[in-house]
Structure formats: structure tokens, C-alpha cells
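Listed below are the residues making up each chain.
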Amino acid sequence: DSSYLKIFTGVPDGISLPKSQWRLRVSAPTEGLVQLDSLEVAMDPIKFRATGTLSSGAHGPAFKLTGTIPSISLSRAATLWQGWAKHAVSGGASGSFTIGGNLADENKPFFIEKAAFAFQDFGGVFFKDQRFSGLTGTLSAADKLDTVNLAIREGRWSLYGTQFGNLDIAALGFRHTREHR
């Protein structure tokens, strides 16, 4: 629960983690390299699978973890955090992710290298009273979240009492930072 998770910085109140089952298989193919051959976590209603590596190096222990999340019910997943209850989320989602990092870096020990999520019949209430329903599409990010893509192929949006249907939206966002001298 949230009180236990407080050892990790920035964990919001209201998180409730159910009992879980973990299956782990590791190997050490060479000196200084630990390979995560498989990790399977089942924590109703979420499951995920991952593989990865942990290597020692001159700059500290670096790791990379790649995983998949099979299709989940978002209304059931919302029970894991009370903050989602006010949004009345519905529909399903699945996804994949790659995270990496260096455990010796105190400021940023890990980062999201890339992530992709597909959602089906997604709905909920956001931005006070704007209701989305029946959304089907994808959300992806790459380059450590510098590039973000959103594609919605269908769905409805209720904005201040006006219903917009047959949504078809594609959006691409970039975050580019440049050092100025």
C-alpha cells in the first residue's frame, strides 16, 4: 500500500497493491553481466512479462528492461489507485515498454526509453466534466519521451454538453532541448 511505497519518492496516496505472484529466471552468461531471462508478474488485474540485463561498468551498474502488458480492463486496474476512481475509466489497454538506467546515478537512476500503449473502447471523465467514450487508438513515446505520438481512430467526446463523434485524430509532439551558449 501507499505507506510501504513511501520509501520510493513521489508515490501518491491511495495506492493499493494486491497479492502478487512472481516468476523469475536469471543467468550470468559472462562476468559482470546478469541477464533477466524472464520475469512474469501477476497482480490481479495486471500482468506483465519482462526480460533485461544488468551489467557492471566504469560508470556503475547499468540496466535495461523490456516488457509487455497484455490486455487489461481499465476499470479493474483503477482499483489499484483511488485517484482513478473520480475519472470513471473504462475500456481496455495493452502495451510495451523499455526502461533503462544506471543505478549509481542518484539524480536519475532510470528513464523510460520507449513505451507504446493501445487502448480499446477507452472512456472516462477528465478536465472537470469532459467525457470521453469509445476511444480506440494508440499512445507511444520514444527517445526517452522526447517524441510522443497519439492516434485516435474512433470515439466520442462530450465538451460542455456538446457531443463530438467519429473522432479521428493524429498528433505528434517533440520536445527538443538545445544548449544555448
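Attention here is on the structure that accompanies the text. Note that the structure is predicted; figures quoted are calculated from it, not measured. Per chain, residue numbering runs from 1 following the sequence as it is written. Given that the model is predicted, a residue must reach a pLDDT of at least 70 before its local features are reported, and side-chain atom pairs must reach 80 or more before they are shown or counted; all residues, however, enter totals for whole chains, interfaces and linings. Side-chain calculation: all heavy atoms of the structure are included, whereas hydrogens and water are not.

Section: unusual backbone geometry
Line of reasoning, step 1. In this structure, the amide linkage connecting aspartate 44 to the following residue, proline 45, adopts the cis form with an omega of 15°.
Line of reasoning, step 2. Working definition: helices are DSSP H or I runs of at least four residues, strands are E runs of at least two. Numbering for both runs from the N terminus. Along the chain, proline 45 falls in the loop between strand E2 (33-43) and strand E3 (46-55).
Line of reasoning, step 3. Phi is positive for alanine 88, close to 50°, though the residue is something other than glycine.
Line of reasoning, step 4. Of note, alanine 88 is situated in the loop between helix H2 (74-77) and strand E5 (90-102).
Line of reasoning, step 5. The phi dihedral of leucine 145 falls on the positive side, at around 75°, and the residue is not glycine.
Line of reasoning, step 6. The exposure class of leucine 145 is partly exposed, given its relative accessible area of 36%. Summary of the burial criterion: residues with accessible area below 20% of their type's maximum are buried, those above 50% are exposed, and those between are partly exposed, where the area comes from a 1.4 Å probe applied to protein chains only.

Observations concerning the nonpolar core
Line of reasoning, step 1. Leu65, Ile72, Leu74, Val89, Phe97, Phe122 and Leu135 are the most contacted members of the largest nonpolar core, which has 25 residues in total.
Line of reasoning, step 2. If you list the elements that add at least two residues to this core, you get E2, E3, strand E4 (62-73), H2, E5, strand E6 (110-126) and strand E7 (130-142). Only buried Ala, Val, Leu, Ile, Met, Phe, Trp, Tyr and Cys residues count toward a nonpolar core, and they belong to the same one when joined by side-chain atoms within 4.5 Å.

Things to note about the environment of aspartate 121
Line of reasoning, step 1. Tracing the backbone shows aspartate 121 in strand E6.
Line of reasoning, step 2. Its relative accessible area of 49% is what places aspartate 121 among the partly exposed residues.
Line of reasoning, step 3. On a C-alpha basis, the gap between aspartate 121 and threonine 136 in space is 5.4 Å, while along the polypeptide they are 15 residues apart.
Line of reasoning, step 4. We call two residues in contact when some of their heavy atoms are within 4.5 Å. Discounting chain neighbours no more than four positions away, the residues touching aspartate 121 are Ser90, Gly91, Gly134, Leu135 and Thr136.

Considering the pattern of salt bridges
Line of reasoning, step 1. Salt bridge criterion: a side-chain nitrogen from Lys or Arg within 4 Å of a carboxyl oxygen from Asp or Glu. Evaluated as defined, the whole model comprises 2 salt bridges.
Line of reasoning, step 2. Here arginine 76 and aspartate 44 are joined by a salt bridge, their closest N and O atoms 2.7 Å apart. Placement of arginine 76 in helix H2 and of aspartate 44 in the loop between E2 and E3 is noted, with a sequence separation of 32 residues between them.
Line of reasoning, step 3. Residues glutamate 113 and lysine 64 are paired through a salt bridge, measuring 3.4 Å at the closest nitrogen-oxygen approach. Highlighted residues: glutamate 113 in strand E6 and lysine 64 in strand E4, separated in sequence by 49 residues.
Line of reasoning, step 4. What makes lysine 64 partly exposed here is its relative accessible area of 39%.

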